Amino acid sequence: MKLHKLLTAGLCAALMATSPMLHASAARQTTRYFGDVDLDRSVGVSDLILLQKYLLGLQPITSEKAAICADVDQDGVVDIMDLAMLKRYVLNGTLIPVGSTVTPTETTTEPTEETTAPTQPPTTETTTEPTEPTTQAPTTEPPTTEATTTETPTTEPPATEAPTTERVTEPTEAGDFIDAPIYDLYGSMPSQGKANLVVFYVDFPDCPYTYEPSIEELTNYCFGTEDNTADPNYPFNTMHCFYNRSSKGALDLTGTVIRYTTQNEKSYYENDEYKIKLVEEIYKNLKSQYNFENYDADNDGYIDATLISVPKAAGDENWWPCAGQFAESLRADGKYVGHLIYGNAEVKSATDHVDFCSSYLHEMGHCMGLPDYYLYYSEDIIGMHGSAGSELMDADAYSDLGAFSKLMLGWYGENQVQVFDQNAGGTQTFSLANAQSDAGNCLILPCGTLDNNYFSEYMIIEYITEDGNNSRINQDYWWVFSVKPGIRIYHIYADVTVTRWYSYFTYENGSEESGGDDDGIRLIRLANDAEGGSVFTTGDVIDGSISGFHWYDANQGETVD
């Protein structure tokens, strides 16, 4: 679930079977600099022009990240002083990383570029037909009662590093990973390279946990790298391993788990919709024990993500798992609190942490910029049905992410994104490999010109199986969902709306532009959802007889052949 309309006060003030090794593109830089208004990771004349246009009211600043970069003097407001300072930076060639302890009035030398070592997915075995799958993953001050912490070290633990048990995949023709189109849209947690998650496992004086996992257990469930397929919780054995499999190693989830008991009883925090009091209390009371600036892996000025998990007994009304941008300009060790996840998906027992992992994996999808795919206005909330409909960002958070999600997150190699050439004529043949493997690829059928960031209308096709991250649905949830090997076709309309404050997918489910009834244009739907949403298999013909295998018309109907 995503918390909508959560804007940071700081932004409003400013703008008012085994797991592969990391192999992100070597060309991708993660450092951002004050003055880099166009987010090209450099500071120059183009940034001056954009900032001038903003101050004249001619052009908005398009994202939270750009807003932070535009506040060159770091006073919380974008004004003429920032423009003057930016001019000096351009003239002097000055680059100051966002989040740096160096003040904008000081001169600094250009830092070393941060890049990620390139490795590539394994060799793709291509075929013209799907093959049989093979198994592989308030303003009111709180009382002065002292906070209680349990099992927390007094010094900052080192960042979790991937151990040598992970395999290194051999370079192949798949190429480096594509840049993540969604990265500059509205997430604070990077989807490529290292992402650092702060996990607060929290209970209340009047609502403790029934089962109390140790810090070692929790750390393993979140960041463990041993990919044990025999674990009864597989593929949700660990959050790190799930994302490692899904991303083909592009995302390395690390972080720290901290145990905390609140100063006040549960009811004190429940009328605070965005849990501002709880977040402020936790960071205030733990700042002397932890250095939270270490949890901004992409150096964009934001802690990548904060997760607060509470007991299941806290109830669903106020603690149902959800995520969104934190609603206050709170800083911890110089970093803004970025996306916040909170929820009551607890670890049930020493042998059952499926709900804990699967629920928060879905919520971290929001932290990386993905919206919900399930429906907000229908009694049947499932966004996509049938054997092709399982997707982590839909109502069934027990499955892998699908082709559109992986495309947005940059989880394909450059040569794993195939595009149908409308002008080539004749017959074109494409091979689709198992989407639950490192060789997994996709095919795009564009409607007109395909946007460079894939922010346009198209069909995207993949070959899904019940392997890896899809393996648990048929085991435990077969009466609700199912996965069968076959071809899945999504109809995508990924138009982006840019406002003064932030950007978002125009037709994401629940948006005003979608008509408010789920019947008009949607960001994502199955081409054959009206027919039941089954996968296509050998011998099936896909043509205009399928209701959703059409483009949208001016009235938001799928009618254009």
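Now for a description of the structure that goes with this document. For clarity, every value in this text was computed on a predicted model and none was experimentally measured.

What counts as what
Residues numbered from 1 in each chain as written. Predicted model: local features only at pLDDT ≥ 70, side-chain atom pairs only at ≥ 80, totals over all residues. Heavy atoms only, no water. Helix = DSSP H or I, 4+ residues; strand = E, 2+ residues; numbered from the N terminus. Buried < 20%, exposed > 50% of the residue type's maximum accessible area, 1.4 Å probe, protein only. Areas by Shrake-Rupley, 256 points an atom, 1.4 Å probe, with all protein chains shown as cover. Patch = residues over 30% accessible without salt bridge, like charges linked within 9 Å, V, L, I, M, F, W, Y side chains within 5 Å. Salt bridge = Lys/Arg side-chain N within 4 Å of Asp/Glu carboxyl O. Polar contact = N/O pair within 3.5 Å; in protein donor to acceptor, adjacent residues only side chain to side chain. Phe/Tyr/Trp six-rings, centres within 6.5 Å; stacked < 30°, edge-to-face > 60°. Lys NZ or Arg CZ within 6 Å of the ring centre and 35° of its normal. Axes fitted to C-alpha atoms, helices over the stretch in contact; angles between N-to-C directions. Parallel < 35°, antiparallel > 145°, perpendicular 65-115°, else oblique. Contact = heavy atoms within 4.5 Å. Nonpolar A, V, L, I, M, F, W, Y, C, P; charged D, E, K, R; others polar. Pairing = 2+ DSSP bridges. Left-handed = near helix turned anticlockwise from the far one by under 90°. Core = buried A, V, L, I, M, F, W, Y, C linked by side-chain atoms within 4.5 Å.

## Digging into the overall build of the protein chain
Right, so step 1: Within the protein chain, the regular secondary structure consists of 12 helices and 16 strands.
Right, so step 2: Taking all 561 residues of the protein chain together, the buried fraction comes to 58%.
Right, so step 3: Accessible surface for the protein chain amounts to roughly 22000 Å². Of this, 50% is attributable to carbon and sulfur atoms.

## Regarding a nonpolar patch on the surface
Right, so step 1: Side chains of Leu-55, Ile-80 and Met-81 sit close together on the surface and give an oily, nonpolar patch of about 290 Å² of accessible area.
Right, so step 2: Counting through the fold element by element, Leu-55 comes out in helix H2 (residues 45–55).

## Observations concerning the side chain of Asp-272
Right, so step 1: Tracing the chain through its elements places Asp-272 in the loop between helix H7 (267–270) and helix H8 (276–286).
Right, so step 2: Looking at Asp-272, its side chain comes within polar contact range of the main-chain nitrogen of Lys-277, at 2.7 Å.

## Description of the packing of aromatic side chains
Right, so step 1: The full count for this structure, using the stated rule, is 23 aromatic pairs.
Right, so step 2: Both rings, one in Phe-236 and one in Phe-242, keep their centres 5.1 Å apart while their planes meet at 15°; by these two values the pair is stacked.
Right, so step 3: Classification of Phe-242 as buried rests on a relative accessible area of 0%.
Right, so step 4: Of the aromatic side chains, those joined through ring pairs into one cluster are Phe-200, Tyr-283, Tyr-290, Phe-292 and Tyr-295.
Right, so step 5: Over the aromatic face of Trp-319 sits the side chain of Lys-275, whose NZ or CZ is 4.7 Å from the ring centroid.
Right, so step 6: Looking at Lys-277, its charged tip hangs above the ring of Tyr-268, at a distance of 3.9 Å from the centre.

## Some details on the packing of H2 against helix H4 (residues 80–92)
Right, so step 1: Put simply, H2 and H4 touch, their axes get as near as 10 Å, and they point 170° apart. Taken as axis vectors, H2 and H4 run roughly antiparallel relative to one another. Of H4, the residues touching H2 (which contributes Val-45, Asp-47, Leu-48, Leu-51, Gln-52 and Leu-55) are Ile-80, Asp-82, Leu-83, Leu-86, Lys-87 and Val-90.
Right, so step 2: Considered class by class, the residues forming the contact of H2 with H4 number 8 nonpolar, 1 polar and 3 charged.

## So, the sheet that holds strand S8 (residues 417–419)
Right, so step 1: Pairing is mixed in the open sheet, where 5 strands are placed in the order S8-S9-S10-S11-S14. Each of the sheet's edge strands pairs with one partner strand only, and the pair in question is S8 and strand S14 (524–526). Taken over all neighbouring pairs, the strand axes of this sheet differ in orientation by 30° on average, direction set aside.
Right, so step 2: Alignment of strand S9 (residues 442–446) against strand S10 (residues 457–464), held across 4 bridges, turns out to be antiparallel.

## So, the packing of helix H6 (residues 239–246) against helix H10 (residues 354–367)
Right, so step 1: Two numbers describe how H6 lies on H10: the axes approach to 10 Å, and their chain directions differ by 55°. Here H6 is positioned oblique relative to H10, judged by the angle of their axes. Relative to H10, H6 is oriented so that their crossing is right-handed. Judged by residue contacts, Met-239, Phe-242 and Tyr-243 of H6 engage Phe-356, Cys-357, Tyr-360, Leu-361, Met-364 and Gly-365 from H10.
Right, so step 2: A per-class count over the contact of H6 with H10 returns 8 nonpolar, 1 polar and no charged.

## What about the pattern of salt bridges?
Right, so step 1: On inspection of all chains with the given rule, the structure shows 11 salt bridges.
Right, so step 2: Between Lys-266 and Glu-270 there is a salt bridge; the shortest N-O distance is 2.8 Å. Glu-270 carries the same exposure label as Lys-266, and that label is buried.
Right, so step 3: One salt bridge connects Glu-462 with Arg-488, and the closest N-O pair in it is separated by 2.7 Å. Placement of Glu-462 in strand S10 and of Arg-488 in strand S11 (residues 486–493) is noted, with a sequence separation of 26 residues between them.
Right, so step 4: Through salt bridges with shared partners, one network takes in Asp-203, Glu-212 and Arg-259.

## Structural notes on H8
Right, so step 1: Buried residues dominate H8, accounting for 8 of its 11 residues.
Right, so step 2: Listing the buried residues of H8 in full gives Ile-276, Lys-277, Leu-278, Val-279, Glu-281, Ile-282, Tyr-283 and Leu-286.

## Some details on the environment of Glu-212
Right, so step 1: Looking at where Glu-212 falls in the secondary structure, it is placed in the loop between strand S2 (193–203) and helix H5 (215–223).
Right, so step 2: In this structure, the C-alpha to C-alpha distance between Glu-212 and Pro-311, residues 99 residues apart in sequence, is 9.9 Å.
Right, so step 3: Look past the residues within four positions of Glu-212 in its chain and what remains in contact with it is Asp-203 and Arg-259.

## Focus: the pairing of S2
Right, so step 1: Of all 11 residues that make up S2, 10 are buried, and the element is covered over most of its length.
Right, so step 2: Pairing of S2 with strand S3 (residues 251–261) involves 11 bridges; the strand directions are parallel. Note on S3: the bridge partner recorded for Ala-195 is Leu-253.

## What about the nonpolar core?
Right, so step 1: In terms of nonpolar packing, the biggest core is built from 75 residues, with Tyr-243, Phe-404 and Tyr-458 touching the most fellow members.
Right, so step 2: A total of 7 residues in this core trace back to one element, the largest contributor, which is H10.

## Considering the environment of Leu-392
Right, so step 1: In this fold, Leu-392 is placed in the loop between H10 and helix H11 (403–409).
Right, so step 2: Sequence separation of Leu-392 and Ser-405 is 13 residues, and the distance between their C-alpha atoms is 9.2 Å.

## Examining the environment of Thr-219
Right, so step 1: Mapped onto the fold, Thr-219 is located in helix H5.
Right, so step 2: With a relative accessible area of 26%, Thr-219 lands in the partly exposed category.
Right, so step 3: In this structure, the C-alpha to C-alpha distance between Thr-219 and Thr-254, residues 35 residues apart in sequence, is 9.5 Å.
Right, so step 4: If sequence neighbours within four positions are ignored, Thr-219 has contacts with Gly-224 and Val-257.

## As for the pairing of strand S7 (residues 335–343)
Right, so step 1: Taken across its 9 residues, S7 has 9 buried, putting it largely inside the fold.
Right, so step 2: Taken together, the 7 bridges between strand S4 (residues 302–309) and S7 define a ladder with parallel strand orientation. In the sheet register, Leu-307 faces S7, and the bridge partner there is Ile-341.
Right, so step 3: Judged from the 4 bridges that link them, strand S5 (residues 322–325) and S7 form a sheet pairing that is antiparallel. Across the sheet, residue Cys-322 finds its bridge partner in S7, namely Tyr-342.
Right, so step 4: Sheet topology places strand S6 (residues 331–332) next to S7; 2 bridges connect them, and they run antiparallel.

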